[in-house]
Amino acid sequence: MKEKFKIQDEQYSFPYHHLVSFQPFNNYSVMSWGIEYYIYINKVIDIIKKIEFKSLLDVGCGEGKLILELKKVLSSDKVLSGIDLSERVILFARAFNYNNRAEFKCKNISDVSDNYDIITLIETIEHIPDEEVSSFIKNIFNKLNAGGSL
């Protein structure tokens, strides 16, 4: 790759063209949700930074925003993984987290074989059908290492 294109490629860290929507713009609905999300994700990151851990699994990771932000503030030896039931959002997560050594898979928590020191559920539990919540939570706790954090 030519040097000038290599520099540009390294600086291109977000597909900013996709921020523009060609639908009628409603500033309130976009910004109010975004500000709320930013505030609580920031709080979650502050909590995680205070915990000694080696591995983290984000269940229902969506497009991988939490892991992207954690990779910016944690040491590189942390193993950060995300799972989601949507293949589409896993593809986004892999794209947004390109080259940061995080792992994203399309799978259910019951199909996860590893255990983790931290498991996060950001905007996830409300999508679990009521009759499955109990078994979902049991699966989560079965994937936590002794002394792990949820």
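Look above for the structure.
The numbers attached to residues start from 1 for each chain and follow its sequence in the written order. Where totals are concerned, whole chains, interfaces and linings use all residues; where local detail is concerned, this predicted model gives features only for residues with pLDDT of at least 70, and gives and counts side-chain atom pairs only at 80 or more. Note that the side-chain values use all heavy atoms of the structure and ignore hydrogens as well as water.

## Structural notes on the overall build of the protein chain
- Secondary structure is summarised from DSSP: a helix means a run of H or I of at least four residues, a strand means a run of E of at least two, and numbering begins at the N terminus for each. The helix and strand tally for the protein chain stands at five helices and five strands.
- Accessibility here uses a 1.4 Å probe with only protein chains present; expressed as a share of the type maximum, an area under 20% marks a residue as buried, one over 50% as exposed, and anything in between as partly exposed. Across the 150 residues that make up the protein chain, the buried fraction comes to 30%.
- A sequence separation of at least 24 residues applies to 66% of the contacts in the protein chain between residues at least 6 apart.
- With an accessible surface of roughly 10700 Å², the protein chain has 54% of that area assigned to carbon and sulfur atoms. Here, two residues are considered to be in contact whenever any of their heavy atoms come within 4.5 Å of each other. In this description, accessible areas are obtained by the Shrake-Rupley approach with a 1.4 Å probe, and a residue is regarded as covered only by the protein chains that are shown.

## Some points on a nonpolar patch on the surface
- Surface patches are drawn from residues lacking salt bridges whose relative accessible area is over 30%; two like charges belong together within 9 Å, two nonpolar side chains (Val, Leu, Ile, Met, Phe, Trp, Tyr) within 5 Å. Salt bridges are identified by distance alone: a Lys or Arg side-chain nitrogen within 4 Å of an Asp or Glu carboxyl oxygen. A surface patch of nonpolar side chains, about 340 Å² in accessible area, is lined by Ile35, Tyr38 and Ile39.
- Relative to the helices and strands, Tyr38 is located in helix 2 (residues 27-49).
- Judged by its relative accessible area of 54%, Tyr38 is exposed.

## A few points about the layout of surface pockets
- In this analysis, the protein atoms alone were mapped onto a 1 Å grid. Cavities are point sets where a 1.4 Å probe fits without being able to get out; pockets are open sets with protein on both sides within 12 Å along at least five of seven lines; lining residues have an atom within 4 Å of a point. Grid points are joined across faces, edges and corners, and a volume is the space filled by probe spheres set on the points. Considering only enclosed or pocket space, the second largest pocket measures out at about 150 Å³ in volume.
- What lines the second largest pocket is simply Val44, Ile47, Ile48, Ile51, Ile118, Ile119, Thr120, Leu121, Ser149 and Leu150.
- Among the elements of the structure, helix 2 and strand 4 (116-120) are those that each provide at least two residues to the lining of the second largest pocket.

## Considering unusual backbone geometry
- For Asn99, which is not a glycine, the phi torsion comes out positive at approximately 70 degrees.
- Among the structural elements, Asn99 can be located in the loop between helix 4 (87-96) and strand 3 (103-106).
- Here Asn99 falls in the exposed class, since its relative accessible area comes to 69%.
- The phi dihedral of Glu123 is positive, around 55 degrees, even though this residue is not glycine.
- With respect to the helices and strands, the residue Glu123 is situated in the loop between strand 4 and helix 5 (133-142).

## A look at the pattern of salt bridges
- Under the criterion given, the structure shown has four salt bridges.
- Across the pair Glu69 and Lys72 runs a salt bridge whose closest N-O atoms are separated by 3.2 Å. Of this pair, Glu69 and Lys72 both sit in helix 3 (residues 65-73), three residues apart, which is roughly one turn of that helix.
- Judged by its relative accessible area of 19%, Glu69 falls in the buried class.
- Residue class for Lys72 comes out exposed when judged on its relative accessible area of 57%.
- Here Lys105 and Glu103 are joined by a salt bridge, their closest N and O atoms 3.7 Å apart.

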